[in-house]
Amino acid sequence: MAILDIKKAGAKVLKDKTQPVEKIDRKIKKLLDDMADTMYHADGVGLAAPQVGISLKVVVIDVGEGIIELINPQFVDKQGTEVATEGCLSVPNVFGEVERASHVIVEALNRNGKTFKIEGKGMLARALQHEIDHLDGILFIEKAITISKG
Ligand code: CO
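This is a predicted model, so every value here is computed, not measured.

Caption draft 1: The arrangement of the packing of aromatic side chains in detail. Counted by the stated rule, this structure contains zero aromatic pairs. Here Lys78 stacks its cationic end above the ring of Phe75, 4.3 Å away from the centre of that ring.

Caption draft 2: Layout of the pairing of strand β3 (residues 68–79). In this structure, strand β2 (residues 58–61) lies alongside β3, joined through four bridges in antiparallel fashion. The partner of Val58 across the bridge, within β3, is Ile71. The loop that links β2 with its antiparallel partner β3 comprises six residues; one of these, Gly64, has a positive phi angle of about 110 degrees. With six bridges connecting them, β3 and strand β6 (residues 103–109) associate as antiparallel partners.

Caption draft 3: View of the side chain of Lys57. By the element assignment, Lys57 lies in the loop between β1 (46–48) and β2. Summary of buried charges: Lys57 has no salt-bridge partner, and the nearest side chain of opposite charge, Asp136, is 4.2 Å away. Polar contacts involving the side chain of Lys57 include one to the side chain of Thr18, which spans 3.1 Å.

Caption draft 4: Molecular detail of the pattern of salt bridges. Tallied over the full model, the rule gives 10 salt bridges. Where Asp33 meets Arg111, a salt bridge forms, and the shortest distance between an N and an O atom there is 2.7 Å. Placement of the pair is Asp33 in helix α1 (residues 26–41) and Arg111 in the loop between β6 and β7 (115–121), with a sequence separation of 78 residues. Relative accessible area serves as the criterion here: at 21%, Arg111 is assigned to the partly exposed category. The salt bridge partner of Arg111 is Glu69, with a shortest N-O separation of 2.7 Å. Taken as a pair, Arg111 in the loop between β6 and β7 and Glu69 in strand β3 lie far apart in primary sequence, 42 residues in all.

Caption draft 5: Quick look at helix α2 (residues 122–135). An ideal rise of 1.5 Å per residue puts 20 Å on 14 residues; α2 measures up with 21 Å between its terminal C-alpha atoms. Burial runs high along α2: 12 of the 14 residues are buried. Immediately downstream of α2, the backbone of Gly137 shows phi near 75 degrees, a positive value.

Cut-offs used in this document
- Residues numbered from 1 in each chain as written.
- Predicted model: local features only at pLDDT ≥ 70, side-chain atom pairs only at ≥ 80, totals over all residues.
- Heavy atoms only, no water.
- Phe/Tyr/Trp six-rings, centres within 6.5 Å; stacked < 30°, edge-to-face > 60°.
- Lys NZ or Arg CZ within 6 Å of the ring centre and 35° of its normal.
- Pairing = 2+ DSSP bridges.
- Helix = DSSP H or I, 4+ residues; strand = E, 2+ residues; numbered from the N terminus.
- Buried < 20%, exposed > 50% of the residue type's maximum accessible area, 1.4 Å probe, protein only.
- Lys, Arg positive; Asp, Glu negative; His and termini not counted.
- Salt bridge = Lys/Arg side-chain N within 4 Å of Asp/Glu carboxyl O.
- Polar contact = N/O pair within 3.5 Å; in protein donor to acceptor, adjacent residues only side chain to side chain.
- Expected span 1.5 Å × (residues − 1).

In structure tokens form, the structure reads like this:
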């Protein structure tokens, strides 16, 4: 378990498209553990591997309902739209209104290599979309309708 350094906007790794995880080995499980520690330490609700300098499709999320670990996540459904405020640990002290789907279904692998589906509404739907955008090299500030600093 370790607290990792969080890359800030401007770092190349945040712009790169990530690679899928080929094999869930000890290194990937340690990455999941360290990402969770880092997210909780920074008081975040989600963290994607590029944010800790690793260009792989790995995400952790906790919107207050417990840890969700996603390996190679993909959307299988998106419904509705909703605008709400977002921030990002890689873009400190910046907030923006972003339009997202209000209801999503994501398929991913868990740390045991099993495929599972997760359905998200509201804040969880938003976190899933924000974090999966990171895996495509997209930051929320590129999608934000309005930006404020605070
Ligand atoms: Co972010």
